[in-house]
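Each chain is listed here by its residues.
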2 protein chains.
Amino acid sequence: MKRASIKDIARIAGVSVATVSYVLNKKEGHRIGEDTKKKIFEVAETLNYTPNRIARSLQNNKSKLLGLIVADISNDFYSSIARNLENKALKLGYTLIIGSSDENAEKFEKLIDLFSQQQVDGMIVAPVAGCEDILQKLLDRNYPLVTIDRYLKGVNAPGVILNNREIAETTTQFLIDKKFDKIVYVGYETKLQHLLDRQKGFEASVKDSTSDIDAKYIMVGLENISGEVHAEMEKVIGKNPKNTALYFSSNKLAVAGLEYLIKNSIKVPQQVSVLAFDETEAYKLFPAEITYIKQPLEEMADEAIKLLDFQISDYTATSKKITLSGDLIIKKSIK
Amino acid sequence: MKRASIKDIARIAGVSVATVSYVLNKKEGHRIGEDTKKKIFEVAETLNYTPNRIARSLQNNKSKLLGLIVADISNDFYSSIARNLENKALKLGYTLIIGSSDENAEKFEKLIDLFSQQQVDGMIVAPVAGCEDILQKLLDRNYPLVTIDRYLKGVNAPGVILNNREIAETTTQFLIDKKFDKIVYVGYETKLQHLLDRQKGFEASVKDSTSDIDAKYIMVGLENISGEVHAEMEKVIGKNPKNTALYFSSNKLAVAGLEYLIKNSIKVPQQVSVLAFDETEAYKLFPAEITYIKQPLEEMADEAIKLLDFQISDYTATSKKITLSGDLIIKKSIK
DNA sequence: CTGAAAGCGCTTACAG
DNA sequence: CTGAAAGCGCTTACAG
């Protein structure tokens, strides 16, 4: 069934399409007769008329579509971000189109191209390693863009970010003060700046410490997180660790590490204390509630959408970064 | 910066827009001179031309957009579905626009309206209670639509579904054979058919059983799942249950229930055995690996997209349901 | 081998 | 108080 158009309404109501458009969009300054208005609304109603936004988009060059590119929408962290963004976007009349990059620059570029062809009004992206040029090209075209979660050195894009270095530093200090024999940082081998910043924060606290700390590092790739974490933990803390702290730089790493602890019946916090970046529902089922760094997702979404909406309505090249603070949520996983 | 249009290319290459369109879309049957083609490609390249899909959409009445409405995109189950759908959709040249209904029929309708105005070519929806009329209206307009995860009685929509009743029946039987003193079904107070089917399957197995089974039911609302589950479990199994089995009809319920077990140091499977519908990463961190019913998400996504794509290219009113089988993944949580 | 022209469903400056 | 007309960026049947 073909849907009714403004033309159909005009024909049936016996007026011009212009008048219909004015009335339906409630444009002021076109003093149109009350009875004409009423007639138009009636006809629109009986025809079940709904506007074709595609046509409107073509005309005003605004699609009311926002593109969201994350690493993987099935990841807890990103699906929560997506949910928060969805809520905020909807309030401003935008709908979200989503894509997962799988940390792959080529796929990332394909999504950017696709979304740009779909004429999204702006994009919110979690950049992947090696996508600097892709983003730069977009910015050169004055495309409204906001980065989220991550940020790239040398790319002049606005974004909302976490105070990764600072929160890593203070939370590491918190661990140091507990006088562990050994503190293990579990992170990714990566070029992603936000992760490097977490590591730098950790390193800084360790270095500044007056006491002597045995700091170890477990660094894994993205391919086989669980397997690598387990193998490395075996080497670094073994089956029967004592007075040791684990610092996980992401929820995925934490889940992998906690799995190891479970399998080897290592007690938390009696033998090992645990601190992790980011939340995940999984923590709920670990015998000891996990101490974690909570990112203010709702606020992030809010700021990201605001930033983007501003860019859309009034583009200005800027690399304005909004930095939000993580919160350490202290639970029983630390002695 | 305004993006280049086909018109710009035509002007610079000194040909007509029609020719440009033919060449860039590689339309056959328009034997166009090789040098003209080359010229056009060159100009397109230097202008960084990318097609405006909005304009194309308006012309051929195909937006290449698919709407996905789930209860909540931040829920593990739905974000996994979304991810699988995204992959399949991309392969067919579609992009996904998403919305969360929060189990709210009004919000569901708003999303339907919005997506329909955005001219999505079709929708994949997990219906909410009370949305029968909304979907029926859509179907009356011959809107391509596929339901997923859930299904509504009396609405003539195609969909892909799980064999909820059967899998619930056989898995309950599996529990019954283990001779528990008590079997507790944990479900939702709901009108959602797929959940009722799970319950019916459970009830059927209990009823058919030759042995006498003490079957109990914990039914909770959607408002405060965790709180209600904990309170009811306290009443039904107490702090020190023995030879009891818990049958959770969703992963959310399972997480809530397992939390209760953890908090009360109830041993799985020594005291209580556990079986749950659907996966979630959280199971990984429970001391005993959880036995669960795995839905074939990838296959579901595949079938849903195929069904929808078929409806889009050749609409036929149908209530064709594709039923896929769940798999019981047996782990250590059952004695 | 190529182009002029209509049309997709809207919006909006202009005219009356 | 209302309408004729141009135009957004494409596609495509038709003509030559």
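Residues numbered from 1 in each chain as written. Chains lettered and ligands numbered in written order. Predicted model: local features only at pLDDT ≥ 70, side-chain atom pairs only at ≥ 80, totals over all residues. Heavy atoms only, no water.

If you look chain A up in an unreviewed UniProt entry, it shows as Transcriptional regulator, LacI family from Chryseobacterium balustinum.

This brings us to the overall build of chain A. A tally of regular secondary structure across chain A gives 12 helices and 12 strands. Referenced to the eigenvectors of the C-alpha coordinate spread, the extents of chain A come out at roughly 85 × 40 × 30 Å. Within chain A, the proportion of its 335 residues that are buried is 56%. Residue pairs in contact within chain A that sit at least 24 positions apart in sequence constitute 70% of those at least 6 positions apart. (Helix = DSSP H or I, 4+ residues; strand = E, 2+ residues; numbered from the N terminus. Buried < 20%, exposed > 50% of the residue type's maximum accessible area, 1.4 Å probe, protein only. Contact = heavy atoms within 4.5 Å.)

Residues and elements named next belong to chain A. For strand β1 (residues 65–70), the buried fraction is high: six of the six residues fall into the buried class. The side-chain alternation of β1 yields two buried faces, one formed by L65, G67 and I69 and the other by L66, L68 and V70. Alignment of β1 against strand β3 (residues 122–125), held across four bridges, turns out to be parallel. Following the sheet pairing, I69 is matched in β3 by V125. (Pairing = 2+ DSSP bridges.)

Let us look at the relation of the copies chain B and chain A. For the pair chain B and chain A, the superposition axis carries a translation of 0.0 Å, the fit reaches an RMSD of 0.1 Å, and the rotation angle comes to 180 degrees. Classification of the inter-copy transformation places it as that of a two-fold axis. Among all residues of chain B, the minimum C-alpha distance to the rotation axis is found for B:A282, at 1.7 Å. In this assembly the copies share their binding face: 100% of the residues contributing to the interface of chain B also contribute to that of chain A. (Least-squares fit on C-alpha atoms with pLDDT ≥ 70 in both.)

Right, let's talk about the protein's contact with DNA strand D for a bit. DNA strand D sits among 27 residues. The nearest are A:G33, A:T36, A:Q59, B:S21 and B:Y22. In DNA strand D, atoms within 4 Å of the protein come from the sugar-phosphate backbone in 61% of cases. Here a phosphate oxygen of DNA strand D sits 3.0 Å away from a polar atom, N or O, in the main chain of A:S16. The separation between a base oxygen of DNA strand D and a polar side-chain atom of B:Q59 is 3.4 Å. (Near = heavy atom within 4 Å. Polar contact = N/O pair within 3.5 Å; in protein donor to acceptor, adjacent residues only side chain to side chain.)

Around DNA strand C, a shell composed of 28 residues is seen, among which A:S21, A:Y22, B:T19, B:G33 and B:Q59 lie nearest. Take the atoms of DNA strand C that sit within 4 Å of the protein: sugar and phosphate atoms are 61% of them. Between DNA strand C and A:Y49, the relevant distance is 3.0 Å, taken from a phosphate oxygen to a side-chain nitrogen or oxygen of the residue. Elements represented by at least two residues in the surface near DNA strand C include exactly α1 (6–13), α2 (17–24) and α4 (53–60) of chain A together with α2 (17–24) and α4 (53–60) of chain B. Considering every element that reaches the surface near DNA strand C, the biggest residue donor is α4(A), with four residues. In terms of residue class, the surface near DNA strand C is built from 11 nonpolar, 12 polar and five charged. (Nonpolar A, V, L, I, M, F, W, Y, C, P; charged D, E, K, R; others polar.)

Turning our attention to the pattern of salt bridges. Proximity of charged atoms lets side chains of opposite charge pair with each other. Scanning the entire structure with this criterion turns up 40 salt bridges over all chains. Between B:K88 and B:E298 there is a salt bridge, with the nearest N and O atoms lying 3.5 Å from each other. Of the two residues, B:K88 sits in helix α5 (residues 76–91) while B:E298 sits in helix α12 (residues 297–313), which places them 210 residues apart along the sequence. Among the salt bridges present, the one from B:D197 reaches B:K200, with a minimum N-O distance of 3.9 Å. Of this pair, B:D197 and B:K200 both sit in helix α9 (residues 193–208), three residues apart, which is roughly one turn of the helix. Among the residues examined, B:K200 registers a relative accessible area of 33% and is labelled partly exposed. One salt-bridge network, held together by shared partners, links A:D72, A:D102, A:K107, B:R83 and B:E86. (Salt bridge = Lys/Arg side-chain N within 4 Å of Asp/Glu carboxyl O.)

Now for the sheet that holds strand β6 (residues 182–188) of chain B. Residues and elements named next belong to chain B. Pairing in this open sheet of six strands is mixed, and the strands run β7-β6-β8-β9-β10-β12 from one edge to the other. Every other strand in the sheet has two partners, leaving β7 (214–220) and β12 (327–329) as the edge strands with one partner each. For this sheet the average axis-to-axis angle between neighbouring strands, irrespective of direction, equals 20 degrees. As paired elements, β6 and strand β8 (residues 244–248) share five bridges and run parallel to each other. The residue of β8 that forms the bridge with V186 is F248. Helix α8 (residues 164–176) rests against β6, β8, β9 (272–277), β10 (291–294) and β12 of the sheet, and its axis sits at about 170 degrees to β8. This element, α9, spans β6, β7, β8 and β9 of the sheet and lies at about 165 degrees to β6. (Axes fitted to C-alpha atoms, helices over the stretch in contact; angles between N-to-C directions.)

Right, let's get into the environment of A:D76. Here A:D76 is to be found in helix α5 (residues 76–91). Setting aside residues no more than four positions away along its own chain, A:D76 makes contact with A:N251, A:T280, A:E281 and B:D76. Engagement of the side chain of A:D76 in a polar contact is seen with the backbone nitrogen of A:E281, the distance being 3.3 Å.

Once that is clear, we can look at α9(B). Residue and element names in this part refer to chain B. Taking 1.5 Å per residue, 16 residues should reach 22 Å; α9 reaches 22 Å between its end C-alpha atoms and fits that length. Taken together, the buried positions of α9 are Q193, H194, L195, D197, R198, Q199, G201, F202, A204, S205 and V206. Against the buried residues of α9 lie β5 (159–162), α8, β6, β7, β8 and β9. (Expected span 1.5 Å × (residues − 1).)

On to the sheet that holds strand β11 (residues 321–324) of chain B, then. What the 12 strands build is an open sheet, ordered β11(A)-β5(A)-β4(A)-β3(A)-β1(A)-β2(A)-β2(B)-β1(B)-β3(B)-β4(B)-β5(B)-β11(B); its pairing is mixed. Each edge of the open sheet carries a strand with a single partner, namely β11 (321–324) of chain A together with β11 of chain B. Direction aside, neighbouring strands of the sheet carry axes that sit 25 degrees apart on average. Two elements, β3(A) and strand β4 (residues 145–148) of chain A, share three bridges in a ladder whose sense is parallel. Pairing of A:M123 across the sheet is with A:L145, part of β4(A).

Right, let's get into helix α8 (residues 164–176) of chain A. Quick reminder: α-helices carry 3.6 residues per turn. Residues three or four places apart thus point the same way. Here α8(A) contains 13 residues, and its C-alpha end-to-end distance of 18 Å stays within 8% of the 18 Å for a straight helix at 1.5 Å per residue. The complete set of buried residues in α8(A) reads A:N164, A:I167, A:A168, A:T171, A:T172, A:L175 and A:I176.

Moving on: the interface of chain B and chain A. Contacts between the two partners involve 56 residues from chain B and, on the opposite side, 56 residues from chain A. Together, the buried faces of chain B and chain A total about 5,200 Å²; carbon and sulfur atoms form 58% of this surface. It is B:I54, B:R83 and B:L285 that lose the most area in chain B upon contact with chain A, and together they represent 14% of the buried surface on that side. In this structure, the connection of chain B to chain A is made through six salt bridges. A:R83 is paired through a salt bridge with B:D102; the nearest N and O atoms lie 2.7 Å apart. Across the side of chain B that touches chain A, the residue classes break down as 24 nonpolar, 17 polar and 15 charged. In terms of strand pairing, strand β2 (residues 95–100) of chain A meets strand β2 (residues 95–100) of chain B through three bridges, oriented antiparallel. Its bridge partner lying in β2(B), A:L96 is registered against B:I98. (Buried area = accessible area lost by both parts, 1.4 Å probe.)

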